[in-house]
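Per-entry structural report
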Amino acid sequence: MTGDSRQADALLTLEGMTKAYPGVVANDQVSFSILPGEVHALLGENGAGKSTLVKMIYGLVKPDAGQMTLRGESFTPVNPAAARGSGVTMVFQHFSLFDALSVAENISLGMDNPPDRRALSTRIRDVSQAYGLPLDPDRIVGELSAGESQRVEIIRCLLQDPKLLIMDEPTSVLTPQEVDILFETLRKLTAEGTAILYISHKLEEIRSLCEHATVLRLGKVVDTCDPREKSARELAEMMVGDTLHVPFREAATPGPVALSMSGVSMKSPNEFGTNLRNVTLEVRKGEILGVGGVAGNGQDELLAVLSGESRAQSGTIALAGEDIGSLHPNARRARGLLTAPEERLGHSAAPEMSLTENALLTGAVRENLVERGFLRWRRTERFARKVIEEFDVRTPGPDNTAGSLSGGNLQKFVIGREVLQRPEVLVVNQPTWGVDASAAADIRQSLLDLAHHGAAVVVISQDLDELMEIADRFTALNEGRLAEPVPTQGLDVETIGLMMGGVEKETAA
Amino acid sequence: MIHLEKRPQPSRFWAGFTPILAVIATMIAGGIMFWMLGKDPLEAIRTIFWDPLFHETFGPYSRPQLLVKAAPLILIAIGLSLGFRAGIWNIGAEGQYIMGAICGAGVGLAFYPSDSILIFPAMVLAGAIGGWAWAMIPGLLKVKFGTNEILVSLMLVYVAENLLASVSQGLLQNPEGMGFPGSRNFRDFPAAYNTEIIGGTGMHWGVAAAFIAVIFAYVLLTRHMLGFQVRLTGQAPRAARFAGVNPTRLILFCLGTSGALAGLAGLFEVSGPAGQVTIDFNSGYGFTAIIVAFLGRLHPIGILLAGLLMALTYIGGELAQLMLGLPGAAIQMFQGMLMFFLLAMDVLSHYRIRFNKNATA
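Residues numbered from 1 in each chain as written. Chains lettered and ligands numbered in written order. Predicted model: local features only at pLDDT ≥ 70, side-chain atom pairs only at ≥ 80, totals over all residues. Heavy atoms only, no water.

A short note on the side chain of Glu153(A)
Residues and elements named next belong to chain A. Note on placement: Glu-153 falls in helix α6 (residues 146-158). For Glu-153, a relative accessible area of 3% puts it in the buried group. Not counting residues within four places of it along the chain, the set of residues in contact with Glu-153 comprises Val-91, Phe-95, Ser-96 and Leu-97. (Helix = DSSP H or I, 4+ residues; strand = E, 2+ residues; numbered from the N terminus. Buried < 20%, exposed > 50% of the residue type's maximum accessible area, 1.4 Å probe, protein only. Contact = heavy atoms within 4.5 Å.)

See below:
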């Protein structure tokens, strides 16, 4: 289809959309059209300007220049309510729900003119049945799975009868089965003429769902294509702008057991967290164990009990045969067990502190950065510089704050900080979450190299493609229980889904 | 249209320059207020900021007062700033100040009229322990039972005030005081008197302790692991746990240190400038120090300057009341303006001001 005819039939047309922030042009003359009933993918690395663009469409950000036309009329939403009034709604990557309230209460809070509670409950049931998204309006949101929470957001949008639905990384928290259900719903919607603007890093998904893709790089539209006709690799290369580096993997023979957990049970310190139940695992030197599972099934708790932030009963966790269950984080680091939590800002790094100070945060013990209580700043800065150089962290220097880095760069810093400390065992949670394709490939390669040099690596991730790519053995967390690990080779999606425990949940809901 | 644009990182230049700008703005706004009260604004401002230091007749009297008034403020504020940086809010320094004074004075008075040179050091130690112990109450309650240290430490101020009233009419009352409440005067007890180290400067042992505390805090925060842990805990508590900081130990360290320093301030005050334990010996230094800590941006050098500035406005304010007949409320208002401008100017270090002709591009 040519550009002109697309524009003639378009539901929404963007012309010359431009938005600059201090020091960076987030969007530069972005123009494209979305047709009614089409699933339109917005592709791009982190920092390519996807978020800014959809925020302009949703009325959250005011463009510096450019115009939008919705169904032939000029479209200038001053705020999200105005955008919703014109039929444009959005499902965010991070849910904005109140855990303590019911589904119906949450939905009514997000609506501009909510009907009374009983009428609303009926409508929620109707819509959820019509689109194949089972959801009980009276359940408390805190008890829902991530997939179910997302349904709340989607149904909230659907109740407003949208013409355009914007979805930002909707599948990052879903099991394969839940993804299928979501796609079914989206197809029903498009059949009715609703257009969907779909943002995702998962190229396979885009290939199976989307009919048209607009590729952004550094704020500009660099390409458009029909993703069904391209391979995932070709799509990735369009985004990155050069040839993609696919992690290289050498077959390794696993060595002796490096880390073992036997029957670890732990109550989550967090009220809405998941308790670990009887977790048993063994990781050998030179191998990567992939831990899959939907978010909120005990990933944070598993990392905390390994990092030493939570203590286990003594005798249940052993590092190279030595009991470490009751040791503090730094005592574990001294013995070679390093960790990198999922949340970068505020957990694995302190956003307002410089990169040098953040290097000290976990490097103090193994890099010998403290002498009789006094800090060796010069040595620390050298260590920070080494991380920045070897992991290609894009920053003017180690004096810059962690919060000033983009998500992908900070993640490279955090992973690099641990990898360069030569761990015996490294445990990472979501190592490439929200990281662009080329940075993600670098991070995966560094994990593979680490294992190749004899370290044991545990990768907790919700990205199954990632786990299939780098892990030797796979296991999954489901409600705090860990499945029996199986070799990754020859593993099919069905089995993975069953291990993640998504299936029982679907039928129960 | 004027726009505020968030800076990616706070500006170092403006962080240092805003206090100066705030003092100038206070002078202008305060000058207008004094003018409206029918006083010569230039003379009023000169009386507050210049005369205490450089006036021929008053200078020699008020210059030492500057150090005497600033020292307890700085000493207490340094201790508080450590906790504030870690997100531990000790609001009860006033109580710890009183308890330091009672314990330190009690030890000294117990040995009256001995002339051993060990008496004053023993009092200093007792003062620090008194303040430390009083701060340990909210500390232990917090780590054992999760109570709120703000409430507990504040409540304990009132307990300490009642204890002060009780001992000055009982346990520590001067037996030769003809029934008046209050202890013996330390001026008549040379071995226990907090004398001036250099005569006529106001430089007593408490001033020396305040300067030492500033240096100690500076080194701790910039060069020591413990200071790093304090800052990390305040900025990112989860990251601090991940880095292996023991929250219990940190809470006890911060509350204990601020209590001990407040106790020291109380001891130096009671054994020197105040001279005796009396019912109303405390004069709000413990609360004012909270303002000093924040005015100094919780930075040791900033606190040193803020303490001196605060002391200057007190002394200058008193002088202005005396000399120009300015009402006390006007002086308080002037001090309030200073706080207001200092905090308001903060926006400059976090934001950039843009003048834009067409706002809706």
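Having seen the structure, we can now continue with the description.
Here we look at the pattern of salt bridges
Residue and element names in this part refer to chain A. Within this structure, the stated rule accounts for 24 salt bridges over all chains. The partner of Arg-385 in a salt bridge is Glu-381, with the nearest N and O atoms 2.8 Å apart. Placement of the pair is Arg-385 and Glu-381 together in helix α13 (residues 377-390), with a separation of 4 residues, close to one helical turn. By relative accessible area, which is 39% here, Arg-385 ends up partly exposed. Salt bridges sharing partners connect three or more residues here, namely Arg-125, Asp-136 and Asp-138. (Salt bridge = Lys/Arg side-chain N within 4 Å of Asp/Glu carboxyl O.)

Re the environment of Lys50(A)
Residues and elements named next belong to chain A. One can find Lys-50 in helix α2 (residues 50-57). In this structure Lys-50 comes out as buried when scored by relative accessible area, which is 8%. Within polar-contact distance, the side chain of Lys-50 engages the backbone oxygen of Gly-44 at 2.6 Å. (Polar contact = N/O pair within 3.5 Å; in protein donor to acceptor, adjacent residues only side chain to side chain.)

Focus on the packing of helix α12 (residues 355-363) of chain A against helix α14 (residues 407-419) of chain A
Residue and element names in this part refer to chain A. Put simply, α12 and α14 touch, their axes get as near as 10 Å, and they point 45 degrees apart. When the axis of α12 is compared with that of α14, the two are oblique. Judged by the twist between their axes, the crossing of α12 over α14 is right-handed. For the pair α12 and α14, contact is made by Leu-355, Asn-358, Ala-359, Leu-361 and Thr-362 and by Phe-413, Arg-417 and Glu-418, respectively. (Axes fitted to C-alpha atoms, helices over the stretch in contact; angles between N-to-C directions. Parallel < 35°, antiparallel > 145°, perpendicular 65-115°, else oblique. Left-handed = near helix turned anticlockwise from the far one by under 90°.)

Thoughts on the nonpolar core
Formed by 88 residues in total, the largest nonpolar core has its most connected members in Phe34(B), Ile74(B), Leu75(B), Ile76(B) and Ile78(B). For this core, the leading source of residues is helix α4 (residues 59-85) of chain B, giving 12 residues. If we skip the residues at most four places from it in the chain, Phe34(B) touches Lys39(B), Pro41(B), Ala44(B), Ile45(B), Ile48(B), Leu326(B), Ala330(B) and Phe334(B). Among the nonpolar cores identified, the runner-up in size contains 67 residues, and Ile288(A), Val393(A), Ala402(A) and Ala440(A) belong to it. (Core = buried A, V, L, I, M, F, W, Y, C linked by side-chain atoms within 4.5 Å.)

Description of the pairing of strand β1 (residues 12-21) of chain A
All names here are of chain A. Most of β1 is tucked away, with 7 of its 10 residues classed as buried. Pairing between β1 and strand β4 (residues 65-70): 5 bridges, direction antiparallel. What sits directly across from Leu-14, in β4, is Met-68. (Pairing = 2+ DSSP bridges.)

With respect to the interface of chain A and chain B
In this assembly, 36 residues from chain A lie in contact with 20 residues from chain B. For the pair chain A and chain B, the two sides together bury roughly 2,400 Å², of which 59% comes from carbon and sulfur. Counting across the interface, chain A meets chain B through 1 salt bridge. A salt bridge links Arg231(B) to Glu357(A), with the nearest nitrogen and oxygen atoms 2.6 Å apart. Residue assignment for the side of chain A that touches chain B shows that the elements contributing at least two residues are α11 (329-334), β16 (337-340), α12 and β18 (374-375) of chain A. (Buried area = accessible area lost by both parts, 1.4 Å probe.)

Section: the domain arrangement of chain A
Along its sequence, chain A is carved into domain 1 (3-240) and domain 2 (257-508). Computed over C-alpha atoms, the centres of domain 1 of chain A and domain 2 of chain A are 31 Å apart. (Domains from an automatic or database assignment.)

Structural notes on the packing of α4(B) against helix α8 (residues 205-223) of chain B
Residues and elements named next belong to chain B. At a minimum axis separation of 8 Å, α4 and α8 run at an interaxial angle of 25 degrees. As summarised for this structure, α4 and α8 are arranged roughly parallel, according to the angle between their axes. Handedness of the α4/α8 crossing: left-handed. Between α4, through Leu-67, Ala-71, Ile-74, Leu-75, Ile-78, Leu-82 and Arg-85, and α8, the contact on the second element is made entirely by Gly-206, Val-207, Ala-209, Ala-210, Ala-213, Val-214, Ala-217, Leu-220 and Leu-221. Of the residues assigned to the contact of α4 with α8, the class counts are 14 nonpolar, 1 polar and 1 charged. (Nonpolar A, V, L, I, M, F, W, Y, C, P; charged D, E, K, R; others polar.)

Focus on the state of the cysteines
For the structure shown, the criterion picks out 0 disulfides over all chains. Of the cysteine sulfurs around Cys225(A), a residue in no disulfide, the closest is that of Cys210(A), at 9.8 Å. (Disulfide = S-S within 2.5 Å.)

Things to note about the sheet that holds strand β11 (residues 257-266) of chain A
All names here are of chain A. As summarised here, the arrangement of the 4 strands in space is β12-β11-β14-β15, forming an open sheet in which the pairing is antiparallel. In this open sheet, the two edge strands, each paired with only one partner strand, are β12 (276-284) and β15 (322-323). Pairing of β11 with strand β14 (residues 317-319) involves 3 bridges; the strand directions are antiparallel. Bridge pairing links Leu-259 to Leu-319 in β14. Against the sheet, helix α10 (residues 299-307) touches β11, β12 and β14, its axis set at about 120 degrees to β11.

What to know about the sheet that holds strand β7 (residues 164-168) of chain A
Residue and element names in this part refer to chain A. Taking strand neighbours across the sheet as the criterion, the 6 strands line up as β6-β7-β8-β3-β9-β10 in an open arrangement whose pairing is mixed. Either end of the sheet is taken by a strand with one partner, and the two such strands are β6 (88-91) and β10 (220-225). Direction aside, the axes of adjacent strands within the sheet are offset by 20 degrees on average. Note: strand β3 (residues 39-44) against strand β9 (residues 212-217), 5 bridges, orientation parallel. Considered in β9, the bridge of Gly-44 is made with Leu-216. Sheet strands touched by α2: β3, β6, β7, β8 (195-199) and β9. Its angle to β3, the strand with the most contacts, is close to 140 degrees. Across the face of the sheet, helix α7 (residues 176-191) comes into contact with β3, β7 and β8 while running at roughly 145 degrees to β8.

Section: a negative patch on the surface
Taken together, the side chains of Asp180(A), Glu184(A), Asp492(A) and Glu494(A) make up a negatively charged region of the molecular surface. As for its position among the elements, Asp492(A) is in the loop between β23 (486-487) and α17 (493-500). (Patch = residues over 30% accessible without salt bridge, like charges linked within 9 Å, V, L, I, M, F, W, Y side chains within 5 Å. Areas by Shrake-Rupley, 256 points an atom, 1.4 Å probe, with all protein chains shown as cover. Lys, Arg positive; Asp, Glu negative; His and termini not counted. Charge placed at Lys NZ, Arg CZ, Asp CG, Glu CD.)

Re the pairing of β3(A)
Residue and element names in this part refer to chain A. Of all 6 residues that make up β3, 6 are buried, and the element is covered over most of its length. Covered by surrounding structure in β3 are Val-39, Ala-41 and Leu-43 together with His-40, Leu-42 and Gly-44, the residues of both alternating faces. As judged from the 4 bridges shared by β3 and β8, these two strands associate in the parallel manner. Directly across from His-40, in β8, lies its bridge partner Leu-197.

Looking at the packing of aromatic side chains
All names here are of chain B. Tallied over the full model, the rule gives 16 aromatic pairs over all chains. Ring centres of Tyr-97 and Tyr-285 lie 6.0 Å apart, and the angle between their planes is 70 degrees; this geometry places the pair in the edge-to-face category. Placement of the pair is Tyr-97 in helix α5 (residues 93-110) and Tyr-285 in helix α12 (residues 285-295), with a sequence separation of 188 residues. Tyr-97 sits in the buried class, given a relative accessible area of 0%. Take Tyr-285: its relative accessible area is 10%, and that puts it in the buried class. Here Tyr-112 and Phe-189 contribute two aromatic rings whose centre-to-centre distance is 5.2 Å and whose plane-to-plane angle is 85 degrees, an arrangement assigned as edge-to-face. On the criterion of sequence distance, the pair formed by Tyr-112 in the loop between α5 and α6 (119-145) and Phe-189 in the loop between α7 (149-168) and β2 (196-198) is long-range, its members being 77 residues apart. What makes Tyr-112 partly exposed here is its relative accessible area of 31%. (Phe/Tyr/Trp six-rings, centres within 6.5 Å; stacked < 30°, edge-to-face > 60°.)

Description of a nonpolar patch on the surface
All names here are of chain B. The grouping of Phe-13, Phe-17, Ile-20, Ile-24, Ile-28, Ile-32, Trp-35 and Met-36 at the surface amounts to a nonpolar patch, some 880 Å² of accessible area in total. Structurally, the position occupied by Ile-24 is in helix α1 (residues 12-36). We classify Ile-24 as partly exposed; its relative accessible area is 44%.

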